[in-house]
Every structure is written in C-alpha cells, then in structure tokens.
Number of protein chains: 2
Amino acid sequence: MTMDTRSELEHIVGGEFVLFGDRIEEDYTKDECLTVGAEAPEYVVKPVTTDQVARILRFANEHGIPVTARGSGTGLSGAATPAAGGIVLSLERMSRVLEVDEQNHVAVVEPGVTLGQLDEETKKKDLVYPIFPGESSASLGGNVATNAGGMRAVKYGVTRHQVLGLEAVLPSGEVITTGGKFVKVSSGYDLTQLIIGSEGTLAIVTKIILKLVPRLLHRTTVLAPFPTLDGATGSVPALLHSGVGPLMVEYIDRMTMMGITAFAKIELGVPSDVQDKADAYLLVVVEGRTEELLEKDVERVGEVLVGQGALDVYVLAGSAAPQLIDAREKSFWAGKRAGATDVLDIVVPRAQIPEYATKVREIAMQHQTMIVGCGHAGDGNIHLAVFQDDPARLATVMKELFATGLALGGAVSAEHGIGRAKKKYFAELEDPNKLALMRGIRKVFDPKGILNPGALFD
Amino acid sequence: MTMDTRSELEHIVGGEFVLFGDRIEEDYTKDECLTVGAEAPEYVVKPVTTDQVARILRFANEHGIPVTARGSGTGLSGAATPAAGGIVLSLERMSRVLEVDEQNHVAVVEPGVTLGQLDEETKKKDLVYPIFPGESSASLGGNVATNAGGMRAVKYGVTRHQVLGLEAVLPSGEVITTGGKFVKVSSGYDLTQLIIGSEGTLAIVTKIILKLVPRLLHRTTVLAPFPTLDGATGSVPALLHSGVGPLMVEYIDRMTMMGITAFAKIELGVPSDVQDKADAYLLVVVEGRTEELLEKDVERVGEVLVGQGALDVYVLAGSAAPQLIDAREKSFWAGKRAGATDVLDIVVPRAQIPEYATKVREIAMQHQTMIVGCGHAGDGNIHLAVFQDDPARLATVMKELFATGLALGGAVSAEHGIGRAKKKYFAELEDPNKLALMRGIRKVFDPKGILNPGALFD
C-alpha cells in the first residue's frame, strides 16, 4: 500500500501533516498506559476538518487499513496505541472551541480541544464544563472515547452525563450528527451514548456538544480524619443524604496521605496527635453560589462527619486544598514513579468499598504483592497500584482483584476504559452474551474492522 | 400456532395469566396515544419472574411470534399497541420494589412498579427518585422504554441520567445484566444506555437499578408574569446562570393559563391588571434542604426575573402551586378533552423556543389550524396540541412542525418516544445513515424481529 497510501493521505491533508518512518515521534506510538508496549504506526495523519477525516476513513476502509484515533495521548489503557501497519489519526489540529453558547449553556468543541483550553473559554462567561478527570491536557475527544470520570462524578456524573450530542464520521466516510443542544430526547436509539466510551471503535468523533453549568465561585475543602478506613467510607451515605451535594468526596488512607503530603510538602494543619489516631481521611469539597450559602453547607458537612465518627473536621486553608487535590489527582504519577507494575481503576457500589478494601489486603498478603490505593468514596471508584515484577503472579493478582470487584457488583473499569490493557480480563470476566452484542454492534458500525482494532476486544 | 402456543404460555405462567379472545380487556389493545388505533393481540401473558419472561421470549423467538411489552399503558406514542397475531407481555405482576438501598442511594425495582409506588417506598427513607413525567401510575419499565422526561429535567435530567443498570431478557431468552450500583463505568459499550429509550425493541427489561437523591423537604413555587412569551423564555438563561438550580422552569402562555386556571379553579393571586398585561408566565419551582437556604434561593430567583423584565413575581400560596403544576402536567388531558387530533412533544435548544413558537403561529395561520401549547422552558421541550380534522392537512401541518423544529437543531420527540405514532415522520426526517445504524443494532439484538415490530421503524 505504502506509496499510494502516502500520496493519498498527503493529497487529503497536505504533505506536512503526514508523518512516516523517522518523522514519527515516539509520543505517537503509545499512550500513558504502563503495560501496553509502544507500536509504530505506518503513518500519523493530522486532519483539520471533518471532511478530511471522512476522506481518510473512506480511503482506509476501502483498503482495509487500521485507523487509531488519538487525542492528547493521556489515556491509561493503551486505547491510543497504534495497530501495526495502520494510521494514527491525530486530532490535535482539530482544536477549536467552536462556540460557547450562553443562551443554551452549551459548548461546541472539536475533539482536539483540551480540558484546560475549554476551561479558559468557559471561564470568560462564568460557565464551566464540570467533568474533570484530573489532567488539563487531556482532550475532549479522548474524554468522550473513554467516558472519562474524575473526582467530581459524585455531583456531576461522568462524561456521558454532560455530552449532549456529537458529530462523528463512520468508517464509510459518512458523517452523522447525534443529539443536540438539549437534554431531553427520545427519538430512536441513543447513538450519542453508544459512541461515548466506545474507545474509537465505532466512529471518529469530530464535534462535541457539551452541557455547561454555572461556574460557582465559592469553594471550601474539608478534611476529616477517621480512626478507620471503614469509618471514613461508611460516613459517605449520611454525608450525601444531608442534601449538601458535595463536589468531591475522596478517601485517602494513612499511607497514601503520608506519601502525597511528604512528596508535595503540603501542610494540612492536622495536629500530630490526631494524625497518629487517623487511619484514613475523607476529603470533601463543597461549592456554593455565595459565601454565605457555602458556609451553611460546610457547617452541615462538619456536623454530619463528626456525627459519623470523624476525629475532627478541618477546613483546609490557603494553598493546602488545591495542592492536596492536585496531588490526589496525580497519584497515578506517584505510583508510576514508585515503580508500579500495573494499575486498576475498578468500580464497586460505594458502600462496598470497605469490603473490597479488606479483600484487596487479603489478596496482597496471599500473593506477597504490594497493593496501594485511594479512591473516589462518593462513587465507588478505587484506584490501585500493584507492585509485582513476576508477570505470572501479577496476572493472577490482577485477575483476582477484578473478579473480587465484579463479585461485589462492580465493573472492570470505572474511567480509564478497557483499551488494550484490560481486554483479556474483560474477555474472561464479562458475560459472553454481552460481549456478543458488543461485537455485533461494532460490526454494524465498522464491518471491515478498521477502527482501533485490538482495543476493547479482539 | 394457536393451541400449542396457548398451552405453552399457560404452562409457563399458569392458565389464569394467559388471556385470549374475549378475555382480553380493551386496555391491552392500545395505549393513550391519540392517533394509533387499537389492535387486539392473540394473547396477553402476565409473567411474574425473569425466568418466565425468558421462557416466553425463547418460545416466541423460535416460532417467530411478535412480542409487545406493556407497563401501565400510559404511553402517548402507540409503542405499547400490540402487533396483530402477537403476544402482549404485560409486566404488571412484576411490581416489586426489590430494594431501597440507603447505603448506595439506589432502588432496585421490577418493571411493573409505578412511579407512585416507588415514591411511597423511597419516602420512608427520605430519598426520592427525581424523574417525574407527570403520571404517577406510569411504570418504571415504561419510563425506561421511552426514556421518560418530565418537568424536573432541568435539574435532574431524564430517565437515562438516573438509571444505573438493568436486567434484561434478549429474544433468545438469554438474561443479561448491565451497569450496577454505580455512576462511573467505562467497560465496553454502554448497553444500559442503548436499551433505555429503545421502546421494547431490543430486549425486555426485568429489573432496573435507579439512582436516588436526598428528598429535599422544602419547596417554593414562583410565578412570574411577563409582557411577552419571548420575555418569559428569554429570561431562562439568566435564571439558570444564577446557580440557583431550579427544580422546574415552565412557561405557560396566556391562553393556556386561562384554560387551566379556569378548568382547575386555581386562584393564583395575580392582580387582574397584571394579568391583563401578561402574555406569558414563567413557573419556577425551587427546592432546598432548609427553609432558610430555600428563602435565599427564592429571593435570588425574584431578583433575576424582575431584572429580566418580569411584571412582578408571586410566591404561590397554599394549594395553588401543586394545583397549577398538576394542571400543567395534565395538559395532555385538557387537549384531549378539547378534541385535539394530534400532539407533539418536540424538543429544540431552549433558546430557540421563541423562534419556534413564532414559526408555529405562522404554520397555524397558513393552514388554518388551531395549535396550542406550553413547554418546558428549562429544556426546550414543547408540547403542542393540533386541532385539525382533515387528515391530509393534519399530516402536512405535523410534518411542517417537525421539520421546523429539526431545522432549529431539535429532535422529533423529547419524551414520548417515536412508537407507532411518529415513525413516519422519523423515517422521513431522520438521517438515513443513522436509521441504517439503528436497524443494524436492532438486528443484532433481535435477528428475527419479534420485539415490538411496528414500533420506531418498520
């Protein structure tokens, strides 16, 4: 295919936007996943319009060339790792915020727009796109592909709850638009929702309609040490039941807290005698439209948590709150630096977190494997870093961690997606009837299987 | 098929739960749709367990017998109208609230549970399922099938935003479970979201996991008369931008308000000189966790609306608020009583409501057809009742109303669904590429086409 393919791609996007051979930088050969090795694509192509994407897909489809879409490459599951001999479709140049519509409270963006960039634009109009998976350089296209979550899910849900519509290109080169600038619709199967979280296997998203919400300017972070992890996570139902509607509810165990405060040099203001008694912390962020209303909510949070057995309640002052949240968001990097061999982002019903945590400790002991983690207490999403250099033992540990979570009513991935990294666990642990439906759906969208082959399932 | 079918069905569910011939009451031959005629099924079958549903489907699938699922029959699009020669699968006996889980804030229900019944159960634990499409006797299974909306969508979204997981039976008789007691998941295509809104064409839902929220006990209803309809709907962006987060934002035009207040004998407390100047009203309901916080929000609502040109702002006293909301929710029945020949529940971006309303008036004039309506100002969903006895002219008017809405970025149905009533407009106005994808998906789930044939598309 090579020369013909190259000239066709160059014809579509212009010579300078087709990379091949040595011109392909290492970045394009992988994402941030710890366990999926890099793979060089045949070409990296950088379209700038929907029409160019359509022409590339039509050509690739005709010639059976694999196409892997790529946003910022911040994914953690290997979903943006190229297929051998294929094209990486980098959407980095499709990076315009097309509209921030103040009347309908929506933004319309191209897939290469980053969360940071969108935040700058929405800020000008006192609006905000409230989903934040913790990495400002992540692209909205990638967020849609993985149904990205993050710490604010307890209040705002995940990407699928805030995406109202899409423009997407099918492998045939046909362009469809789904949904619109509205929340309410019941007009056939919801293709928007089907494409969200499909990891680039059904269609290439070229435009995204996002719901925005008012940017609430007042925010307070409360830290509550608890004598036990169960006590910390067990207080969450009462906290949410209070009606305060917190923006984030995270738990951090003693070891993780020591690690991140020492590394980031954060002064929490928690007296050392309290720290000594605290085996876990609950981190609660509350936002409000006025300082006065926020204070009432913070008071209520304090009452509830003390009633639930918190050792005390501290309002984090100055830069401690953003530092701690930032450190918490970057805990993947801490794990990576410490030499983690694999990570999980499993989800269980939030009330099952203590039970799951207990079982994780048992698995760690049994297989003499270090497993550390922290989690989104508000939504049952637990991040674990596993340190085990023996590949066979690592595989056993991983499978047990997944199977244990699933037995508690959970799912393999809460927010990273399946990609290439988790597909063997997904294939082994997921119901074959559901896998068959998914394969069937994939075939409807992509009969020749050119879109991100190797991701989700084989 | 008849004798064999009957004995098999009786074998599965017991003789008393298989109706045929004269034993089939009229209710089972239709839903509340104005335009889809009744059709008698061959059998009405009332299973009480998932296993019975699975056995019925397996049998029907083997013999190619159409199966139409039915909840409470309160639908407005003919989606529960039986197929000739088929089985109506009435889920009325699967009506148990299986669990109200206070730890995870979810309810697990069978599809025949009504909204009223669920509300009684959640009330005991100070929780609430916040979606309310306006009819307490509607079943949750029906709500899932149509992705039901209602007046609270501006705060809580629609059914798909509050359903976390499903148990569903495929035509093959296989039972799948999707999602779980969590909000965050990224593990393959979202089958939960795909089945929601599929109007019984992909699978039969036998269990539903619903997200619950704290039941906020304090609620105030504000009524703001505006000199023009544009003024009323035009104030909505500022209202939502204020961060108050209202539960409902409805507009009611002068004629509709006169009709519903006269019919329901509601005393609004709006002086007659103000009423004379008011061409439209905005109805805003705010809820809060304390009386004090609620008062602050109500104050802010008043300030914003007066700033946006409201003639004044009235807090509805006593029973006026629930009466007005109830009357508004029942406006379909008012239209039906008045002799409406068809209804629409179109959606447009909410800022396009005034433009759409203007065009509706033009269509009404041009075709000498009475068209009245009201709408959910917070979410762009407009309900229109069309009075036109000439079928050809009615078809023209309907098509123009749909096409006009779609041209403004809208969709055919916001909350009633397509069913049998709207499928010709859907087929004509929807993108053929999307229709082809939907047909393909339907075939993946239901290769023989036994599930609700005649609904959505042919």
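Above: the structure in question.
Note that the structure is predicted; figures quoted are calculated from it, not measured. (Residues numbered from 1 in each chain as written. Chains lettered and ligands numbered in written order. Predicted model: local features only at pLDDT ≥ 70, side-chain atom pairs only at ≥ 80, totals over all residues. Heavy atoms only, no water.)

(A) A look at the overall build of chain A. Each helix and strand in chain A was counted, giving 18 helices and 18 strands. Whereas a compact globule of 458 residues would reach a radius of gyration of roughly 23 Å, chain A reaches 23 Å, a difference of no more than 12%. Expressed along its principal axes, the backbone C-alpha trace of chain A runs to roughly 70 × 55 × 40 Å. A buried classification covers 62% of the 458 residues belonging to chain A. (Helix = DSSP H or I, 4+ residues; strand = E, 2+ residues; numbered from the N terminus. Rg over C-alpha atoms; globule rule 2.2 N^0.38 Å. Buried < 20%, exposed > 50% of the residue type's maximum accessible area, 1.4 Å probe, protein only.)

(B) Molecular detail of the packing of helix α15 (residues 353-366) of chain B against helix α16 (residues 391-407) of chain B. Residue and element names in this part refer to chain B. Closest axis-to-axis distance for the α15/α16 pair is 10 Å, and the angle between their directions is 160 degrees. In this view, α15 runs roughly antiparallel relative to α16, as classed from their interaxial angle. Judged by the twist between their axes, the crossing of α15 over α16 is right-handed. Taken together, the residues of α16 that come into contact with α15 (itself represented by Tyr356, Lys359, Val360, Ile363 and Gln366) are Val397, Glu400, Leu401, Thr404 and Gly405. (Axes fitted to C-alpha atoms, helices over the stretch in contact; angles between N-to-C directions. Parallel < 35°, antiparallel > 145°, perpendicular 65-115°, else oblique. Left-handed = near helix turned anticlockwise from the far one by under 90°. Contact = heavy atoms within 4.5 Å.)

(C) Representation of the relation of the copies chain A and chain B in the model. Mapping chain A onto chain B is achieved by rotating through 180 degrees and translating by 0.0 Å along the same axis, at an RMSD of 0.0 Å. In short, the pair behaves as if placed about a two-fold rotation axis. In this assembly the copies share their binding face: 100% of the residues contributing to the interface of chain A also contribute to that of chain B. (Least-squares fit on C-alpha atoms with pLDDT ≥ 70 in both.)

(D) Local environment of the environment of Gly243 of chain B. With respect to the secondary-structure elements, Gly243 of chain B resides in the loop between α9 (236-241) and β13 (248-253). The sequence separation of Gly243 of chain B and Val301 of chain B amounts to 58 residues, and the corresponding C-alpha distance is 9.8 Å. What Gly243 of chain B contacts, discounting residues up to four positions off in sequence, is Pro214, Leu216 and Arg289 of chain A.

(E) Layout of the interface of chain A and chain B. Each side of the interface is counted separately: chain A has 86 residues, and chain B has 87 residues. Taken together, the two surfaces of chain A and chain B that pack against each other cover about 6,700 Å², and 60% of this comes from carbon and sulfur. Ranking the residues of chain A by area buried against chain B places Lys184, Tyr189 and Arg289 of chain A at the top, with a combined share of 15%. For the pair chain A and chain B, the number of links is 10 salt bridges. The partner of Glu415 of chain A in a salt bridge is Lys184 of chain B, with the nearest N and O atoms 3.2 Å apart. The set of elements that each furnish at least two residues to the side of chain A that touches chain B consists of α6 (159-162), β9 (175-179), α7 (191-195), α9 (236-241), α12 (291-307) and α18 (432-445) of chain A. Sort the elements by how many residues they give to the side of chain A that touches chain B and α18 of chain A lands first, with 9 residues. (Buried area = accessible area lost by both parts, 1.4 Å probe. Salt bridge = Lys/Arg side-chain N within 4 Å of Asp/Glu carboxyl O.)

(F) Quick peek at the side chain of Thr201 of chain B. Tracing the chain through its elements places Thr201 of chain B in the loop between α7 (191-195) and β10 (204-211). Looking at Thr201 of chain B, its side chain comes within polar contact range of the side chain of Tyr189 of chain A, at 2.7 Å. Looking at Thr201 of chain B, its side chain comes within polar contact range of the main-chain oxygen of Ser198 of chain B, at 2.7 Å. Residue contacts for Thr201 of chain B: discarding those within four places in its chain leaves Tyr189 of chain A together with Arg442, Asp446, Leu451, Asn452, Ala455 and Leu456 of chain B. (Polar contact = N/O pair within 3.5 Å; in protein donor to acceptor, adjacent residues only side chain to side chain.)

(G) Summary view of the pattern of salt bridges. For the structure on display, the rule yields 52 salt bridges over all chains. Here Asp190 of chain B makes a salt bridge to Arg160 of chain A, at a shortest N to O gap of 3.0 Å. Of this pair, Asp190 of chain B sits in the loop between β9 (175-179) and α7 while Arg160 of chain A sits in helix α6, each in a different chain. The salt bridge partner of Asp379 of chain B is Lys184 of chain A, with a shortest N-O separation of 3.5 Å.

(H) Region of the structure containing the sheet that holds strand β6 (residues 106-109) of chain B. All names here are of chain B. Strand order in the open sheet formed by 5 strands is β5-β6-β10-β8-β9, with antiparallel pairing between adjacent strands. Strands at the two margins of the open sheet, each flanked by one partner only, are β5 (97-101) and β9. Across the sheet, the mean angle from the axis of one strand to that of its neighbour is 10 degrees, orientation sign disregarded. Here β5 runs beside β6; their pairing, made up of 4 bridges, is antiparallel. From the neighbouring strand, Val100 faces β6, where its bridge partner is Ala107. Contacts from helix α2 (residues 50-63) reach β8 (163-169), β9 and β10 within the one sheet, and its direction differs from that of β8 by about 50 degrees. (Pairing = 2+ DSSP bridges.)

(I) A look at the pairing of strand β4 (residues 87-90) of chain B. Residue and element names in this part refer to chain B. Burial of the side chains of β4 extends over both faces: Ile87 and Leu89 are buried on one face and Val88 and Ser90 on the other. Two strands pair when backbone bridges link them, and strand β3 (residues 67-70) and β4 are joined in this way by 4 bridges, in the parallel orientation. Pairing of Val67 across the sheet is with Ile87, part of β4.

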